[in-house]
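Chain residues, written in single-letter form:
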Amino acid sequence: MGTKAQPIEYPVRTNQIPREIPARRYPSWLLVLGAGTLPFGTLFIELFFILSSIWLGRFYYVFGFLLVVLLLLIIVCAEVSVVLTYMHLCVEDWRWWWKAFFASGSVALYVFLYSINYLVFDLQSLSGPVSATLYLGYSLLMAIAIMLSTGTIGFLMSFYFVHYLFSSVKID
């Protein structure tokens, strides 16, 4: 399926020699970590109920609200990644690919930290270090899955944004 797809057509020609990126006042990893707080803000209330239904055996019955939260998470991840990509392009930083992925994928770090918080303060029914290790392993797998999915959403939206941005520029 991937070999039969048309190759991606870039809207402008690029120079073979990469441009020097000017020095910044702040590190880019700080922006990437800060970008994950907005998508996590749409998710953290619902995350308590999801973790309670998984680990404490409580019933979860608000699937319509979960769908709304999921749609909000997708929209916020896309917006955060596009804004951060635009900020990088404004300071002539052309290496936006991985930063766009990790900008919206950094919500997974906050989800994992919230899982640790849930383990310490809300999950007293675990019976030893083996159960806690199993819980942390499953939480890490969940965080990696969230990072891959939200990072992909952010990267694709940033890619389409940059493609649209440079296709509308007229170079003579």
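Whatever comes next refers back to the structure up there.
Residues numbered from 1 in each chain as written. Predicted model: local features only at pLDDT ≥ 70, side-chain atom pairs only at ≥ 80, totals over all residues. Heavy atoms only, no water.

So, about unusual backbone geometry. In the Ramachandran plot, glutamate 92 falls in the positive-phi region, its phi being about 65° despite a non-glycine side chain. Mapped onto the elements, glutamate 92 comes out in the loop between helix 3 (63–90) and helix 4 (97–105). (Helix = DSSP H or I, 4+ residues; strand = E, 2+ residues; numbered from the N terminus.)

Formed by 18 residues in total, the largest nonpolar core has its most connected members in Phe40, Leu47, Leu51, Val111 and Tyr135. When residues of this core are traced back to their parent elements, those giving at least two are helix 2 (37–55), helix 3, helix 5 (107–121) and helix 6 (129–167). Ranked by residue count, the leading element in this core is helix 5, at 6 residues. In this structure tyrosine 135 touches Leu51, Trp55, Ser115, Tyr118, Leu119, Leu123 and Leu126, once residues within four positions along its chain are discounted. (Core = buried A, V, L, I, M, F, W, Y, C linked by side-chain atoms within 4.5 Å. Buried < 20%, exposed > 50% of the residue type's maximum accessible area, 1.4 Å probe, protein only. Contact = heavy atoms within 4.5 Å.)

The tally for this structure, following the rule as stated, stands at 18 aromatic pairs. Seen from their ring centres, tryptophan 96 and tryptophan 97 are 4.9 Å apart, and the 20° between their planes marks the pair as stacked. Overall, tryptophan 96 belongs to the buried group, its relative accessible area being 6%. Tryptophan 97 gets classed as partly exposed once you look at its relative accessible area, which sits at 37%. Pairwise contacts between aromatic rings join Trp96, Trp97, Phe155, Phe159 and Tyr160 into one cluster. The side chain of arginine 95 reaches across the aromatic face of tryptophan 94, ending 5.8 Å from its centre. (Phe/Tyr/Trp six-rings, centres within 6.5 Å; stacked < 30°, edge-to-face > 60°. Lys NZ or Arg CZ within 6 Å of the ring centre and 35° of its normal.)

What follows deals with the packing of helix 2 against helix 3. Contact pair helix 2 / helix 3: the axes reach a minimum separation of 8 Å and the direction vectors enclose 155°. Relative to helix 3, helix 2 is oriented roughly antiparallel. For the crossing formed where helix 2 meets helix 3, the hand is left-handed. Packed against helix 2, whose contacting residues are Leu38, Pro39, Thr42, Leu43, Glu46 and Ile50, the element helix 3 presents Phe65, Leu66, Val69, Leu73, Val76, Cys77 and Val80 at the interface. In the contact of helix 2 with helix 3, the residues fall into 11 nonpolar, 1 polar and 1 charged. (Axes fitted to C-alpha atoms, helices over the stretch in contact; angles between N-to-C directions. Parallel < 35°, antiparallel > 145°, perpendicular 65-115°, else oblique. Left-handed = near helix turned anticlockwise from the far one by under 90°. Nonpolar A, V, L, I, M, F, W, Y, C, P; charged D, E, K, R; others polar.)

Another point: the side chain of glutamate 46. Here glutamate 46 lies in helix 2. Despite being buried, glutamate 46 has no salt bridge partner; arginine 58 is the closest side chain of opposite charge, sitting 12 Å away. With residues near it in sequence (within four places) discarded, glutamate 46 still touches Tyr60, Val62, Phe65, Leu66 and Val69. (Lys, Arg positive; Asp, Glu negative; His and termini not counted. Salt bridge = Lys/Arg side-chain N within 4 Å of Asp/Glu carboxyl O.)

Our next topic: the environment of leucine 156. Turning to its location among the elements, leucine 156 is positioned in helix 6. Classification of leucine 156 by relative accessible area gives partly exposed; the value is 36%.

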